[in-house]
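Chain and residue survey
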Amino acid sequence: MTNMGKLEGQVALITGAAGGLGQSLAEGFVREGCRLLLSDLDAPRLSRVIDHLRSQGAAVVRGAPADLRSCDQTTALVERVIQEYGHINILVNNAAVSSMRSLWDLTERDWDEILDVNVKGLFFTLQSAARHMVERGSGSIINIASVAGRVGRPTLLHYAASKAAVISITRSAALALAKQRVRVNAIAPGMIDTEMLHDLQSAWNNMSTAEDKSAHNPSPDKVPLGRVAKPQDIVATAVYLASRDSEYMTGQTLNVCGGLVMS
Ligand SMILES: NC(=O)c1ccc[n+]([C@@H]2O[C@H](COP(=O)([O-])OP(=O)(O)OC[C@H]3O[C@@H](n4cnc5c(N)ncnc54)[C@H](O)[C@@H]3O)[C@@H](O)[C@H]2O)c1
């Protein structure tokens, strides 16, 4: 008997695929038999990820760089998936940016950057993908949120607000699309061992005042299970949400955070 993957024959678009979690999501989805279109702002890095996946034997992985801040580009990206594969079953909205700032240092530019990528870009990618999914009467959309969207983060105020918006979009879109059998769920990681976390940790080390330092330290000591997540810890949940194993779930945000947050 052949061993069928959980996503055999499915087509997925993964954004932010050149980043730490995105690469692992791509590897995990390939292992489950999924065909992929990977996207990222960073075109050279995206090419390296695709070369690596192909060198590991991934047969059907294509890439399309895009800047999710542009609505034209998010629409074109989803159209590219349809051109390449004829349809789209799964969208993983994974791309995001973060920056550590005190409440006093946050600027208009910081807000625009965070909201344009993490909220606006995520929404318009979802909207474009959902149009095609609704026509077929099925689809699974997975938004990568963060536990920062569930609790206060004094030195990541804008990032936390953007992730609370992701949790909210997940609920509203799930209700809007449920009748057409398009499911929308989210994952809220705590700390994942990627470049984003390393950048936040060094920014925290460089923060000027002792008050800022006591406010938020992205450190593994805070995690009840005693370590930060490996990207693979999040991938298993994403495969679950993408697959029929979760076909009775929509509008949910699953915390995958080692017990850091419990609501
Ligand atoms: N690392 C953590 O500790 C952590 C914790 C909770 C949630 N998350 C979330 O996990 C997801 C993946 O993050 P990561 O840790 O892999 O970070 P990362 O910085 O390694 O990857 C993010 C990717 O998004 C891409 N990107 C940024 N702006 C873009 C744009 N305008 N258009 C297209 N792509 C763009 C970047 O080029 C990068 O490759 C994000 O949604 C992040 O918020 C991360």
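Relevant structure appears above.
Residues numbered from 1 in each chain as written. Predicted model: local features only at pLDDT ≥ 70, side-chain atom pairs only at ≥ 80, totals over all residues.

Right, let's talk about the environment of Gln83 for a bit. Examined against the element boundaries, Gln83 turns out to sit in helix 3 (residues 71-85). Accessibility expressed as a C-beta count within 10 Å gives 11 for Gln83, which makes it exposed. As for Gln83 and Thr253, which are separated by 170 residues in sequence, their C-alpha atoms are 31 Å apart. (Helix = DSSP H or I, 4+ residues; strand = E, 2+ residues; numbered from the N terminus. Buried ≥ 20, exposed ≤ 12 C-beta atoms within 10 Å, placed from the backbone.)

We now examine the sheet that holds strand 5 (residues 139-144). Read across the sheet, seven strands follow the order 3-2-1-4-5-6-7 without closing on themselves; strand pairing throughout is parallel. This sheet does not close on itself; its edge strands, each paired only once, are strand 3 (61-63) and strand 7 (253-256). Taking each pair of neighbouring strands and ignoring which way they run, the sheet shows an average axis angle of 20°. Here strand 6 (residues 182-189) pairs with strand 7 via four bridges, running parallel. Bridge pairing in strand 7 places Pro189 opposite Val256. Each of strand 2 (35-38) and strand 3 is contacted by helix 2 (residues 43-55), which is oriented at about 170° to strand 3, the strand it contacts most. (Pairing = 2+ DSSP bridges. Axes fitted to C-alpha atoms, helices over the stretch in contact; angles between N-to-C directions. Contact = placed C-beta atoms within 7 Å.)

All right, on to the pairing of strand 2 then. Every other side chain in a regular strand lies on the same face of the sheet, so the side chains alternate between the two faces. Of the two faces of strand 2, the one holding Arg35 and Leu37 and the one holding Leu36 and Leu38 are both buried throughout. For strand 1 (residues 11-14) and strand 2, the ladder comprises four bridges, and the chain directions are parallel. Considered in strand 2, the bridge of Ala12 is made with Leu36. With respect to chirality, the unit in which strand 1 leads through helix 1 (residues 20-31) into the neighbouring parallel strand 2 is right-handed. After leaving strand 2, the chain enters helix 2 and then returns to the sheet as strand 3, a path that is right-handed. (Right-handed = clockwise from strand over helix to strand, strands pointing away.)

Near the ligand you find 29 residues, and of these Gly16, Gly19, Leu21, Ala96 and Thr194 are the closest. Taken together, the residues of the shell around the ligand sort by class into 14 nonpolar, ten polar and five charged. (Near = placed C-beta within 6 Å. Nonpolar A, V, L, I, M, F, W, Y, C, P; charged D, E, K, R; others polar.)

With that out of the way, let us pick up the environment of Ile234. Summarising the element assignment, Ile234 is placed in helix 8 (residues 231-242). Since 25 C-beta atoms lie within 10 Å of it, Ile234 is described here as buried. In sequence terms Ile234 and Gly258 are 24 residues apart; their C-alpha atoms lie 11 Å from each other. When sequence neighbours within four positions are dropped, the list of residues in contact with Ile234 reads Leu21, Ile187, Pro189, Ile192, Ala229 and Val256.

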